[in-house]
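Geometric and topological summary
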Amino acid sequence: MNNPKPGEWKSEELSQGKIIDYKAFNFVDGEGVRNSLYVSGCMFHCEGCYNVATWSFNAGIPYTQALEERIIKDLSQPYVQGLTLLGGEPFLNTGILIPLLKRIKSELPNKDIWSWTGYTWEEMMLETDDKLEMLKMIDILVDGRYDRTKRNLMLQFRGSSNQRIIDVQRSLEYNKLIIWEKLQK
């Protein structure tokens, strides 16, 4: 597993603008019916990662305008609660994700956005401007590297007990980490 120094990994240097997969109308990547975008590339390389295929920034297919239109169309369905960003590492793909999130916030403001990240909240607070810009558009963040020694299959929306489900907007508003109020203990 890799541990970056603040600002060490830069999206503009690493991202190739690719995704591994897009899954519409699923129930596993967060609360409610969701559409999930799996981006390519992750530098954390957590031991026991369930998605090793996403580690390469060159894996998958290019993110395209046609895919973005499909995401927006799928998200516009009234039964879809929101979009989930996974990977790979979403925060190392800000070049493709920030414009998408801005569009969603503008065109579909009632949809929520979840993201998984290997960064902890505390690390994220020290990160680059693009990562912080993207974070400000996220509603729920599952933070922290997967730790196979803390693996627990009974946890809600996460694989190891060190990971947290964070209410990003409330955390930013109150300038302190606030855990998602619907967390099942």
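Overview of the structure. (Residues numbered from 1 in each chain as written. Predicted model: local features only at pLDDT ≥ 70, side-chain atom pairs only at ≥ 80, totals over all residues. Heavy atoms only, no water.)

Moving on, we get to helix α2 (residues 65-75). Along α2, the residues that are buried comprise Leu-67, Glu-68, Ile-71, Ile-72, Asp-74 and Leu-75. Buried residues of α2, viewed axially, fall in a sector of 165°; they line one side. In this structure, α2 carries Ala-66 and Lys-73 as exposed residues pointing more than 90 degrees from its buried face. For α2, the secondary structure elements touched by its buried residues are β1 (18-26), β2 (34-39), β4 (82-86) and α3 (94-107). (Buried < 20%, exposed > 50% of the residue type's maximum accessible area, 1.4 Å probe, protein only. Helix = DSSP H or I, 4+ residues; strand = E, 2+ residues; numbered from the N terminus. Arc of directions from axis to C-beta. Contact = heavy atoms within 4.5 Å.)

On to the pattern of salt bridges, then. Across all of its chains, the model carries 13 salt bridges by this definition. Arg-145 serves as the salt-bridge partner of Glu-123, at 2.6 Å between the closest nitrogen and oxygen. Of this pair, Glu-123 sits in helix α4 (residues 121-124) while Arg-145 sits in the loop between β6 (140-143) and β7 (164-167), and the two are 22 residues apart along the sequence. By relative accessible area, which is 9% here, Arg-145 ends up buried. Notably, a salt bridge pairs Lys-131 with Glu-127, separated by 2.9 Å at the nearest N-O pair. With a relative accessible area of 0%, Lys-131 lands in the buried category. (Salt bridge = Lys/Arg side-chain N within 4 Å of Asp/Glu carboxyl O.)

Moving on: the side chain of Lys-18. Structurally, Lys-18 can be placed in strand β1. Look at Lys-18: it is buried, it has no salt bridge, and the nearest opposite charge is Asp-21 at 15 Å. When residues no more than four places from it in sequence are discounted, the contact partners of Lys-18 are Val-39, Ser-40, Phe-57, Asn-58, Ala-59, Gly-60, Ile-61, Pro-62, Tyr-63, Asn-93 and Ile-96. (Lys, Arg positive; Asp, Glu negative; His and termini not counted.)

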